[in-house]
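Structural overview for review
So the chains spell out like this:
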Amino acid sequence: MDRVALRGLKARGHHGVYPREREEGQTFIVDLVLGLDTRAAAADDDLAKTVHYGVVAEEVVAVVEGEPVDLIETLAERIAQTCLKHDGVLEVEVCVHKPDAPITVPFDDVTVTITRSRV
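Residues numbered from 1 in each chain as written. Predicted model: local features only at pLDDT ≥ 70, side-chain atom pairs only at ≥ 80, totals over all residues. Heavy atoms only, no water.

Examining the overall build of the protein chain
On a plain count of helices and strands, the protein chain comes out with 4 helices and 4 strands. Start at the N end of the protein chain and walk to the C end: the helices and strands fall as β-α-β-α-α-α-β-β. Along the first, second and third principal axes, the C-alpha set of the protein chain runs to 50 × 25 × 25 Å. Among the 119 residues that make up the protein chain, the fraction classed as buried is 38%. As presented, the protein chain carries roughly 7000 Å² of accessible surface, and 51% of it is formed by carbon and sulfur atoms. (Helix = DSSP H or I, 4+ residues; strand = E, 2+ residues; numbered from the N terminus. Buried < 20%, exposed > 50% of the residue type's maximum accessible area, 1.4 Å probe, protein only. Areas by Shrake-Rupley, 256 points an atom, 1.4 Å probe, with all protein chains shown as cover.)

The following block contains the structure:
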């Protein structure tokens, strides 16, 4: 299976279990790896035969900016399901970063990574 990766998609969302997170919002960063077969697109040099990663990026940002959820696990699942709606995308790995998570000790990042497929 071939891979198309999008790394570092940034969007402001209002996800979290604490009222402050819901009210103020914070930046979330999303990394995606889409699994698909790109041979037909490469053979014909045809965008219509692969995934349009610009469209996927816009849809993922809309999910992050959309309806708030408590958990980034839920956010990752919503993003995965959005990606799998695209014809040809057979599998997706989603990593959601929450670098401003409300943790009381020094840290660099919090992430949740999931992999989903059509099967």
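What to know about a nonpolar patch on the surface
A grouping of Val 17, Tyr 18 and Leu 71 is seen on the molecular surface, where their side chains present a nonpolar patch of about 300 Å² in accessible area. Mapped onto the fold, Tyr 18 is located in the loop between strand E1 (2–13) and helix H1 (19–24). Look at Tyr 18 and you get partly exposed, because its relative accessible area is 48%. (Patch = residues over 30% accessible without salt bridge, like charges linked within 9 Å, V, L, I, M, F, W, Y side chains within 5 Å. Salt bridge = Lys/Arg side-chain N within 4 Å of Asp/Glu carboxyl O.)

Comments concerning the pattern of salt bridges
Two side chains carrying opposite charge are able to pair once their charged atoms lie near each other. Counted according to the given criterion, the structure contains 7 salt bridges. The salt bridge involving Asp 70 is made with Arg 22; its shortest N-O contact spans 2.5 Å. With Asp 70 in the loop between helix H3 (53–65) and helix H4 (72–84) and Arg 22 in helix H1, the pair connects residues that are 48 residues apart, well separated along the chain. According to the relative accessible area criterion, Asp 70 is partly exposed, its value standing at 43%. Arg 22 sits in the partly exposed class, given a relative accessible area of 32%. With a closest N to O distance of 2.8 Å, Arg 116 and Glu 77 form a salt bridge. Of the two residues, Arg 116 is situated in strand E4 (residues 111–117) and Glu 77 in helix H4; the sequence distance between them amounts to 39 residues. Under the relative-accessibility criterion, Arg 116 is labelled partly exposed at 30%. On the basis of relative accessible area, Glu 77 is assigned to the partly exposed category, the value being 26%.

Side note on the UniProt feature "domain: Dihydroneopterin aldolase/epimerase" (unreviewed entry) in the protein chain
Residues given the UniProt feature "domain: Dihydroneopterin aldolase/epimerase" (unreviewed entry) here are residues 4–116. Within residues 4–116, the helical portion is 34% and the strand portion 30%, while the C-alpha atoms at the span's ends are 15 Å from each other. (UniProt positions renumbered as here; feature names shortened; annotations may be inferred.)

Section: the side chain of Asp 31
Counting through the fold element by element, Asp 31 comes out in strand E2 (residues 26–36). In this structure Asp 31 is buried but unpaired, with Arg 7 as the nearest side chain of opposite charge at 5.0 Å. Among the polar contacts listed, one links the side chain of Asp 31 to the backbone nitrogen of Gly 8, at a separation of 2.8 Å. Reaching out from Asp 31, the side chain makes a polar contact with the side chain of His 97 at a distance of 2.6 Å. Every residue in contact with Asp 31, bar those within four places of it in the chain, is listed here: Leu 6, Arg 7, Gly 8, Glu 93, Val 94, Cys 95 and His 97. (Lys, Arg positive; Asp, Glu negative; His and termini not counted. Polar contact = N/O pair within 3.5 Å; in protein donor to acceptor, adjacent residues only side chain to side chain. Contact = heavy atoms within 4.5 Å.)

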